[in-house]
Structures are given as structure tokens and as C-alpha cells.
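A closer look at the structure
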Amino acid sequence: MKKYLFSIFLFLSITCYAQKIDYVKKPELDSSLVIGDRLNFYTPLYLVDDDKIIYQKDRRTIKLIASGGKSLVKPENGQADFFALNKDGVFIDGNFVKTDTLGFENLGRTLDGGFFWKTHKAVYKNLTVINNLDASEFQRIRNPKGFSYITFFKDKYYIYYYDKIIKGIDPDSAVFTDSDLCYDKNSIYIKGERQFFNSEPLQYVNNYFSKTKDHIISQNKIDSRIDKDSFISLSNFYSRDKDHVYSEYETMPIHAADFVNLKTWKGTNSAYITDGKRLFFKNIDITENNLDISSFGTIENSDFCYDKNGVYSWRFDHKINKLVFYKFPFKYSDPVSSKNIMISEKNNMYVFYKNQAYNLSDGLFENLTAEQIENAKTQRQHLININGSVKLKTFYNYSLSKVDDKIYWENKETFADAKTFERVKDAPEYYKDKNYVYHFSSKSGLNAIKGIDANSAVGYYSFQGFDLFLSDKDYIYFKNYRILRNKNLKLLSVFEGSWPQCGVDNSGSSTYYLFKNSEGYWLALVSKTVKIKKISGKDPFLKKYLGIKVE
């Protein structure tokens, strides 16, 4: 009987799914394909025809730039599509600035909507150098986790809201709380402007209160409940004066005699306070949950908490109108403390207790090695249970992964060769191994395509993240459809076809592409299938929109 049960378990744990092998299909030759007079261009987009640059500026406008295309490149790190670089300078929304491109960085937009960018030598607004900014010092302000604020910048001397100096702010004590608000030891600033109440400067207390020389301010008015001289912040969420504790703006049922025992904790979306007798979640008394107050704590950068008896998540149960705590199913052997628990980096996927890990989606992992803990903690790899054994899983995509010498889709084994399996360069939907090129879809899985040369397979025209197409030494492809011969091939224009209306049809979206190769000009309509039509060199569209000499 045990042997029979084990066989069932083995079958359920490592199933193979019916992985498809698609064969390359020829496109449909459709003489009815027409380029209409009212075109909606795909924008913004830079295209190159030999040395000429074709910039699709907006849905109705193409800008032709006579030269500079041979060295045109996309800025690194997926920066905005309005920019392109070549050996001589920077293109911004189709306009050119001659400059050294070393250190190029897109900084976003200025206050009035201009393009904000820099190189290692200068900071620019649109096409013009901002003379009072030192590019070598000017940089985004980052929070303690290393993430950049969108709107705040700094140099050696000043703090900036976009490109505007925040006058009077103390750089050494400045704190940044969201995209528009910051404060220092003296004042609050919103959108770079110092804030006042009745002509008096406002000082920051916490997320709910501010103060002037004579008053405590809440919700843009004087809060007469509060004793100003004794009022202090306990955290971003809690505060107190000599008589009361406040949760946000509400008075809490905590006696002044217990203020000596006050202690607060915070989570990503949670806040706790105790008076030594009771424990509160924000302003809700959660003492009845029997969490041990003396050993209570929160896990950094998460909403998980713990006491000596366990690690917990919480949710508000609307049926019983209460906050409910759920204990993680670790095999507890020692009292839980900050010394024997930790959380994974980046997205808080795993909570670790000693040599165990728990994930809300995948459950408990036991008897982890030091390597497994380190790789899961840093998110280099994830954990998976296979046949009762914990393995490290390398992700290519959320549902596509490698474990040992197998490639899995949604924990189902594929026939891909793990030793040679890799993503196709510049084509994120495509993978290859020594045998096949594959198209990957989160819905249908990893589908092999027979008829594409895997050795020469690369993405076609990924200049601006335009990564739908695959090419090999002979052709370009869309999924398993062959489009055109890949000889002297250039993409000259992209414009919208049709977009399905919700609930009206399921035909899918379509896009038109104008190509040129050694055989001439071609119009391709790509949707769920591919249709092509050869375009005469005398077609007036070529001259009207692309400046191509009509043959």
C-alpha cells in the first residue's frame, strides 16, 4: 500500500504536459492589404533606413532625419523611447543635440513637462543646457533601500524638486516621504515650496500632525485637543501629549500612568503600539489574539510579525469584523526572536526560521542547506518541493524555470534540453536549446518551433523594446509564422491596425509593418496570423510619408 501511494505521489509531483511542436508556417499572400490615408503610427519610435532616421513622433507625424542612423543606438537600461543616441549626440523626441553621450541618463520630466536628461558633462532641459547645475554632482536622491525618488535630486550644495532648487531646506536633515513632500528639522516642503499656516512656517511631526510656533495642526486646522508643549511623535502613525495617545487623529484608550511602557512597531501597511498591558493594531485592540507582548516584534519591510511562540500574517475578517492572525506552520523548536528569523530581499517572498522557509503561496520548506537559504534570501533562485525534496529553482519567467537538469513550465516537466537552454538574445518571448527554438506564453507554455535555425536565432529589431520578431540566417518570424526573407531587411514604418473592443470580438489586435528587403517593399499585417503583400516601388505612400524616391 505504501509503495502504491508513493507511486501516486511521484506521478503528481513531476508530471509532463503535452508540449507542442509547431511547424513554421508560410504567411498568407493577401493582395487586398491596403495602406490607408488616415494612418495611426506606433509612437514614439525611431527606425533606420541605411543612414536615414525615421522618427514616428505621434500618431499622425513622421519626422525624417537625413543622416546619423548608422550609429544609432537605444539608451541603456530601457530608458524612455523619446531618446536615441548616436556617435555625435542625443536625439530627444526627434530633435538632435550634439554632445558627448558618455554618462547619458534620462531624468524624467521637468515641472513644466520638458525632457530632463544629463550626460557626464551637462544637465539639459529639452535641447538646452541648464547652466547652474553641475552634471558631475547632480543625481537622483535615493531612499535607504536604494530606490530613486522620481521628483527629488541633489548636487553638492542643494536639494531640487525636479530642476528647481528647494530654497532654505537643510540638506543634512532632509527627509523625503513621497513624490511631492519632504521636510527638514525646520520646515515642510510640498512641490519644492515651504509650507505655512497663518503665515507661520510648518514643522513636521509625523504623517498626521504638523506644528507652528504656537499650535499643533491636523487636517489643515488648529487641533485644540492637544497640549502643544508636551506633544511628541512616537512614530509616523502614533503621537502623544501629557494626557493622551493618538492613532492617526484618534484618541486611544491608554492611560497616562502607562505612558512609561509605551512601545511602537511598524510594518509596510501596519502599525502597533502597547502600553505594557494591551496590544493595538493601529487603533484596534488585538490583545484577545494572545500575542506575547514582551517578545512581540515586526519583520522589517513586511507586514509579518512575531512573538516567542510563532511568526504571523494577518487579515481583517469582515464576517466577524475582527483582525485575525495566522501562525506560520514552522516546526518551532526554540523561541522565535529577531536572531533566528529573517525575510528574503526585494519582494519578501520567503520568511526564514532557523533552517526552514515559508512562502504564502508554496508553503513550508524544511531542512534547508546554507546554499538554499542564501540563494532564496537574495532571490537568485527560488525553492520548490519535488518528490519530497527541496530543490533550487532558477526562473526564466514567472512560470518557466530550471531545476537540476530539467526545464519546467508551471512545475510540469518539458522536453527542453536544460544544458543548452537559454533565452534568445533581444527576444524575451523566445528561448532555444541545441534542438529547437521555442515560443513561450504563460497561457500555453513552452512551444517548440521546428524549422527555425537555433544557432543563428536572435531578436529582430529590438532597438526600442520592439521585440515581437525573431530572425535566423534566412528569415524573420512571428511565433511560428515566417514573414520575410532576412536579406538586407529593414523595418521602415509601424502603424496600428485594429484593436478588439471588450466583449465585442476576440479577433485580437493587429499591427501593420512596412519592410524593405532585397526583393522590394512589403506590407505585413501581424495579428494571430501573418499576411503580407508586396508593395510597388511606385506606391505614393513611400514618398509621402518616408521620403523614398518613387521608382
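Note that the structure is a prediction, hence the values are computed from the model and not measured.

1. A look at the overall build of the protein chain
What the protein chain contains, in helices and strands, is 3 helices and 59 strands. Once the C-alpha set of the protein chain is aligned to its principal axes, its extents read approximately 95 × 80 × 45 Å. Taking as baseline every contact in the protein chain between residues at least 6 positions apart, the subset at least 24 positions apart corresponds to 39%. On the protein chain, roughly 29,500 Å² of surface is accessible, and the fraction owed to carbon and sulfur atoms is 48%. The distance from the centre of the 79 positive side-chain charges to the centre of the 67 negative ones in the protein chain is 5 Å.

2. Remarks on the nonpolar core
Core analysis: the biggest nonpolar cluster contains 38 residues, and Ile 483, Phe 515 and Phe 541 have the highest contact counts within it. Those elements giving two or more residues to this core turn out to be β3 (45–49), β54 (475–478), β55 (481–485), β56 (490–496), β57 (511–517), β58 (520–526), β59 (530–535) and α3 (540–546). With 6 residues, β58 is the single largest residue contributor to this core. Once residues lying within four places of it in the same chain are set aside, the contact partners of Phe 515 are Tyr 460, Phe 469, Ile 476, Ile 483, Leu 484, Leu 489, Lys 490, Leu 491, Gly 520, Tyr 521, Trp 522 and Ala 524.

3. Topic: the layout of surface pockets
Over the atoms, a rolling probe the size of a water molecule traces out where space has been left empty. Here the largest pocket defines a volume of roughly 1,400 Å³. Around the largest pocket, the lining is made up of 46 residues, and of these Thr 177, Tyr 204, Asn 207, Asn 236 and Phe 237 lie nearest the centre. Contributions of two or more residues to the lining of the largest pocket are made by β14 (148–154), β17 (175–176), β18 (181–183), β19 (188–190), β21 (196–197), β25 (216–218) and β31 (263–266). For the lining of the largest pocket, the per-class residue count stands at 21 nonpolar, 19 polar and 6 charged.

4. What about a nonpolar patch on the surface?
A cluster of nonpolar side chains, contributed by Ile 21, Tyr 23 and Phe 415, occupies part of the molecular surface with about 300 Å² of accessible area. Along the polypeptide, Tyr 23 turns up in strand β1 (residues 21–23). The exposure class assigned to Tyr 23 is exposed, which follows from its relative accessible area of 52%.

5. Re the pattern of salt bridges
What the rule picks out here adds up to 25 salt bridges. Between Arg 485 and Glu 519 there is a salt bridge, and its shortest N-O distance comes to 3.7 Å. Residue Arg 485 is found in strand β55, and its partner Glu 519 is found in the loop between β57 and β58; the two are separated by 34 residues along the sequence. Residue Glu 519 is classed as partly exposed on the basis of its relative accessible area, which comes to 37%.

6. Thoughts on the side chain of Asp 30
By secondary structure assignment, the location of Asp 30 is in the loop between β2 (28–29) and β3. Discounting residues that sit within four places of it in the chain, Asp 30 has contacts with Lys 531, Ile 532 and Lys 533.

7. Remarks on the confidence of the model for the protein chain
Low pLDDT means the predicted atomic positions in that stretch should not be read closely. In this model, the protein chain carries a mean pLDDT of 89, and residues with pLDDT of at least 70 account for 92%. In the model, residues 1–14 has pLDDT below 50 throughout and makes 8 contacts with residues more than four positions away in sequence or in other chains. Every residue in residues 501–506 scores below 50 in pLDDT, and together they form 2 contacts with partners more than four places removed in sequence or on other chains.

8. Let's talk about the sheet that holds strand β24 (residues 210–211)
Pairing in this open sheet of 4 strands is antiparallel, and the strands run β23-β24-β25-β26 from one edge to the other. In this open sheet, the two strands that pair with only one neighbour each are β23 (203–204) and β26 (221–222). Where β25 meets β26, 2 bridges bridge the pair, whose relative direction is antiparallel. Bridging across to β26, Ser 218 finds its partner in Lys 221.

9. As for the sheet that holds strand β34 (residues 284–285)
Spatial strand order, β31-β32-β33-β34: 4 strands in an open sheet with antiparallel pairing. Of all strands in the sheet, those bounded by a partner on one side alone are β31 and β34.

10. Things to note about helix α2 (residues 370–377)
For an α-helix the count is 3.6 residues per turn, leaving residues at separations of three or four pointing the same way. Buried within α2 are the following residues: Gln 372, Ile 373, Asn 375 and Ala 376. The inward-facing, buried residues of α2 contact β39 (341–343), β40 (351–353), β43 (382–386) and β44 (389–397). Gln 379 occupies a position one or two residues after α2 and carries a positive phi of about 65°.

11. Thoughts on unusual backbone geometry
Excluding glycine, a negative phi dihedral is what most residues carry, and trans is how most peptide bonds are arranged. For the peptide bond that leads from Thr 43 to Pro 44, omega is -15°, which places it in the cis range. Secondary-structure assignment places Pro 44 in the loop between β2 and β3. Even without being glycine, Asn 198 reaches a positive phi, approximately 50°. As for its placement among the helices and strands, Asn 198 is situated in the loop between β21 and β22 (200–201). We note that Asp 404 has phi near 55°; this positive angle belongs to a residue other than glycine. Here Asp 404 lies in the loop between β45 (400–403) and β46 (406–409). Judged by its relative accessible area of 49%, Asp 404 is partly exposed.

12. Considerations on the environment of Val 311
With respect to the helices, strands and loops of the structure, Val 311 is situated in strand β37 (residues 310–317). Once the C-alpha coordinates of Val 311 and Ala 66 are considered, the two residues, 245 residues apart in sequence, prove to be 65 Å apart. Discounting chain neighbours no more than four positions away, the residues touching Val 311 are Ile 299, Cys 305, Tyr 306, Tyr 326, Lys 327, Phe 328, Phe 330, Tyr 332, Val 336, Ile 341 and Val 351.

13. Re the packing of aromatic side chains
Taken as a whole, this structure holds 56 aromatic pairs when the rule is applied. The interplanar angle of 75° and the centroid separation of 5.4 Å between the aromatic rings of Phe 116 and Phe 153 together place this pair among those described as edge-to-face. Taken together, the residues Phe 116 in strand β10 (residues 115–118) and Phe 153 in strand β14 connect sequence positions 37 residues apart. Neither Phe 116 nor Phe 153 differs from the other in exposure class; each is buried. If you follow Arg 109 out to its NZ or CZ, it ends over the ring of Phe 82, 5.4 Å from the centre. When the ring centre of Phe 115 is taken as reference, the NZ or CZ atom of Arg 109 above it lies at 4.1 Å.

14. Focus on the side chain of Ser 270
Residue placement: Ser 270 occurs in the loop between β31 and β32 (271–274). Ser 270 gets classed as buried once you look at its relative accessible area, which sits at 7%. Among the polar contacts made by the side chain of Ser 270, one reaches the side chain of Asp 303 at a distance of 2.7 Å. Ignoring anything within four residues of it in the chain, the contact list for Ser 270 reads Phe 281, Lys 282, Asp 303 and Trp 314.

15. Overview of the pairing of β37
Of the pairings in the sheet, the one linking strand β36 (residues 305–307) to β37 comprises 3 bridges and is antiparallel in character. Across the sheet, Tyr 306 pairs through a bridge with Val 311, a residue of β37. A loop of 2 residues connects β36 with β37, the two strands running antiparallel in sequence. The pairing of β37 with strand β38 (residues 322–327) spans 6 bridges and is antiparallel. Counterpart to Tyr 312 in the pairing with β38 is Lys 327.

Cut-offs used in this document
Residues numbered from 1 in each chain as written. Predicted model: local features only at pLDDT ≥ 70, side-chain atom pairs only at ≥ 80, totals over all residues. Heavy atoms only, no water. Helix = DSSP H or I, 4+ residues; strand = E, 2+ residues; numbered from the N terminus. Contact = heavy atoms within 4.5 Å. Areas by Shrake-Rupley, 256 points an atom, 1.4 Å probe, with all protein chains shown as cover. Lys, Arg positive; Asp, Glu negative; His and termini not counted. Charge placed at Lys NZ, Arg CZ, Asp CG, Glu CD. Core = buried A, V, L, I, M, F, W, Y, C linked by side-chain atoms within 4.5 Å. Buried < 20%, exposed > 50% of the residue type's maximum accessible area, 1.4 Å probe, protein only. 1 Å grid on protein atoms, 1.4 Å probe; cavity = no way out; pocket = protein on both sides within 12 Å on 5 of 7 lines; lining within 4 Å. Points joined across faces, edges and corners; volume = space filled by probe spheres on them. Nonpolar A, V, L, I, M, F, W, Y, C, P; charged D, E, K, R; others polar. Patch = residues over 30% accessible without salt bridge, like charges linked within 9 Å, V, L, I, M, F, W, Y side chains within 5 Å. Salt bridge = Lys/Arg side-chain N within 4 Å of Asp/Glu carboxyl O. pLDDT = per-residue confidence, 0-100. Pairing = 2+ DSSP bridges. Phe/Tyr/Trp six-rings, centres within 6.5 Å; stacked < 30°, edge-to-face > 60°. Lys NZ or Arg CZ within 6 Å of the ring centre and 35° of its normal. Polar contact = N/O pair within 3.5 Å; in protein donor to acceptor, adjacent residues only side chain to side chain.

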